[in-house]
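# Understanding the architecture of this molecule
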Amino acid sequence: MDSPDLWAGLPTLEVPPGEGETAPDVWEDPIPLTGRRERPPFPAHVLPAWLRDFVAAVAEETQTPVDLAGSIALAVLATAAGGRSVVHVRGNWREPTNLYTVVALPPGNRKSAVFTLLTNPLYEAEEQLKAAMKPVIVEAEVTARLAKDAADKAAAKAASADTDKRQEMVATAVGLAQTADTLTVPAEPVLLADDSTPETVTSLMAEQGGRLSVMSAEGGIFDIIAGRYSGAPNMEVFLKGHAGDRLRVNRQTRREYIDAPALTVGLAVQPDVLQDIGKVKGFKGRGLLGRFLYSLPVSTVGEREIITAPIPEESAATYAARVIDLTLSLAEWTDPAVIQLNPEADAALIAYQKCLEPQLKARGGKLGHITDWAGKLAGATARMAALLHLAEHLGHGYAHPVPEATMRAAIELGEYYTAHALAVFDVMGADPVLSRARSVLDALRDNGWEDVSRRDVFTVLSRSEVPTVTDLEPALALLEDHGYLRSYQPERTGKRGRPPAPRLQVHPHLRQGSR
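### Considering a nonpolar patch on the surface
Taken together, the side chains of Val138, Val142 and Leu146 make up a nonpolar region of the molecular surface, amounting to roughly 240 Å² of accessible area. According to the relative accessible area criterion, valine 138 is partly exposed, its value standing at 41%.

The following block contains the structure:
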């Protein structure tokens with residue numbers, strides 16, 4: 001993903017100026033379009049001690065970037081708390097505590113092994129919830145069956161009753177039928193789903209009181225959302241499941257109502273998946289890509305130790321016990337636990353918001369080309385603060401407000417994900433001017449031009465990417481600013497007619513690259 005400086009250390013070349021050209025003869029080394037995006041390592045030090053120790057131990061034993069275990073750990077916390085807690089920021093602003101995280105690493109980085117180590121306690125908690133619910137389900141099934149049998153028998157008796165008794169017996173049968181209809185059998189508890197279809201995710205969330213987590217060491221869920229198998233994109237549940245917006249499904253085959261959906265998504269994918277999803281129609285326009293916290297760590301493959309320290313048993317046991325404890329302690333909440341911020345924590349978040357706002361400007365803002373993502377950053381930071389707080393206090397986090405130190409830890413996480421999001425959106429081509437400039441560079445290399453007109457450059461580019469010459473101009477200006485091109489005005493060859501159109505000289509190194 002990082003683009004090395006191809007020009008560093010190469011000598012400058014002298015080029016004869018074109019006719020009428022007034023620029024200096026010597027070409028300086030071009031400035032790379034993006035340069036190197038700084039991608040800091042995951043700040044594991046901000047996690048509570050029991051979680052920090054386990055994340056570090058997993059990274060050490062598996063010889064994987066700590067980013068992988070760290071981001072999955074946040075998704076694990078969100079699975080345990082999502083749908084059962086919210087953070088009250090200020091006024092009417094509340095954020096649910098579910099998250100969407102995705103880590104991108106090439107093959108061979110042991111993503112599945114790390115996923116298994118981090119998510120095992122969730123499956124154990126799910127089994128304990130199932131065991132606790134089984135007697136309740138059996139009792140409800142028996143009660144519902146007996147009530148239906150009683151209503152059926154009463155209806156049969158009413159149908160054959162004498163006229164003078166029929167009205168009374170019909171009323172009795174109706175009452176029993178209404179009672180039977182109100183009895184529901186609780187669904188078996190489910191915390192985690194794999195690469196399920198949007199329809200399956202919606203149905204499971206409806207059964208589970210609006211709560212579910214999709215965790216996978218593959219990127220197949222994006223294919224499913226994009227409609228690769230159904231023929232049409234279906235992202236509604238993933239949009240509303242992140243925001244907590246009311247979800248209504250009314251179809252002939254099913255009706256499902258979820259007043260406060262809370263969906264968590266934790267994924268580990270290959271970098272190519274990020275390139276692919278950036279091209280899916282509707283993913284960016286409808287805001288799906290803006291809901292994920294992205295991590296693009298540097299692979300450790302080729303530098304890994306062969307003999308590593310195993311995860312300490314005490315650390316693993318503590319991690320499992322606390323994840324299970326947090327999950328079970330919140331599982332019975334029907335109205336979510338409300339987590340408050342103390343005044344200092346709120347002040348820290350306000351200061352962070354004030355810092356972020358100028359960066360969202362469309363012109364000149366560092367985050368201006370990814371405002372859909374960056375506009376959700378303050379909310380994501382509040383969510384992470386609440387999750388860190390719950391991890392510190394487990395099931396009793398609602399009894400204490402989030403302190404300033406925890407909010408600052410969450411802000412550090414927010415800055416980490418911002419740096420990585422910028423790198424990821426570069427990969428996705430979120431900035432159209434930058435994307436077009438790269439396409440122009442490719443065309444210049446392929447054609448080996450020394451001197452070229454704008455029209456000739458435009459002719460070889462894709463119309464879907466560059467519809468008009470006007471759309472090409474900002475890309476050419478960017479390349480000129482970076483030293484890849486020089487625009488000049490040729491001398492008029494005659495005294496009549498229009499002056500010739502400006503032309504472009506191409507940096508010699510681009511022509512060398514075409515040989």
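Let us keep going from here.
### Quick notes on the sheet that holds strand β13 (residues 503-506)
Paired through their backbone hydrogen bonds, the strands of a sheet run either parallel or antiparallel. On the basis of which strands lie adjacent, the open sheet formed by 3 strands has the order β11-β13-β12 and antiparallel pairing. Each having just a single partner strand, β11 (451-453) and β12 (485-488) make up the two edges of the open sheet. Taking each pair of neighbouring strands and ignoring which way they run, the sheet shows an average axis angle of 30°. Of the strands in this sheet, β12 and β13 touch helix α16 (residues 469-481), which is tilted by about 110° from β12.

### A closer look at the layout of surface pockets
Within this model, the largest pocket holds a volume of roughly 820 Å³. In terms of lining residues, the largest pocket is bounded by 36 residues, among which Gly83, Arg84, Gln208, Gly209 and Trp333 are the most central. Going through the elements one at a time, β1 (85-90), β2 (93-96), α3 (111-160), α5 (198-207) and β7 (255-258) are the ones with two or more residues in the lining of the largest pocket. If you tally residues by element for the lining of the largest pocket, the top one is α3, at 4 residues. Here the residues of the lining of the largest pocket sort into 22 nonpolar, 7 polar and 7 charged.

### Brief notes about the confidence of the model for the protein
Per-chain confidence: the protein averages 87 in pLDDT, with 91% of residues scoring 70 or above. Scored below 50 in pLDDT, residues 1-23 makes 49 contacts in the model with residues more than four places away or belonging to other chains.

### A closer look at the sheet that holds strand β4 (residues 192-193)
Across the sheet, 5 strands lie side by side as β4-β5-β8-β3-β9; this open sheet has parallel pairing. Looking along the sheet, the strands with just one partner apiece sit at the ends: β4 and β9 (293-295). As defined by bridge partners, strand β3 (residues 100-104) adjoins β9 across 3 bridges and the pair is classed as parallel. Looking across to β9, one finds that threonine 101 is bridged to leucine 293. Strands β3, β4, β5 (211-216), β8 (262-269) and β9 of the sheet are contacted by helix α2 (residues 66-81), whose axis makes an angle of about 160° with β5.

### A few points about helix α12 (residues 377-393)
Taking 1.5 Å per residue, 17 residues should reach 24 Å; α12 reaches 24 Å between its end C-alpha atoms and fits that length. With 15 of 17 residues buried, α12 lies mostly within the body of the structure.

### Quick word on unusual backbone geometry
Although it is not a glycine, glutamine 63 adopts a positive phi angle of roughly 55°. Relative to the helices and strands, glutamine 63 is located in the loop between α1 (49-62) and α2. In this structure, arginine 110 is a non-glycine residue whose phi angle is positive, near 60°. Mapped onto the fold, arginine 110 is located in the loop between β3 and α3. With relative accessibility at 38%, the residue arginine 110 sits in the partly exposed group.

What counts, and where the lines are drawn
Residues numbered from 1 in each chain as written. Predicted model: local features only at pLDDT ≥ 70, side-chain atom pairs only at ≥ 80, totals over all residues. Heavy atoms only, no water. Patch = residues over 30% accessible without salt bridge, like charges linked within 9 Å, V, L, I, M, F, W, Y side chains within 5 Å. Areas by Shrake-Rupley, 256 points an atom, 1.4 Å probe, with all protein chains shown as cover. Salt bridge = Lys/Arg side-chain N within 4 Å of Asp/Glu carboxyl O. Buried < 20%, exposed > 50% of the residue type's maximum accessible area, 1.4 Å probe, protein only. Pairing = 2+ DSSP bridges. Helix = DSSP H or I, 4+ residues; strand = E, 2+ residues; numbered from the N terminus. Axes fitted to C-alpha atoms, helices over the stretch in contact; angles between N-to-C directions. Contact = heavy atoms within 4.5 Å. 1 Å grid on protein atoms, 1.4 Å probe; cavity = no way out; pocket = protein on both sides within 12 Å on 5 of 7 lines; lining within 4 Å. Points joined across faces, edges and corners; volume = space filled by probe spheres on them. Nonpolar A, V, L, I, M, F, W, Y, C, P; charged D, E, K, R; others polar. pLDDT = per-residue confidence, 0-100. Expected span 1.5 Å × (residues − 1).

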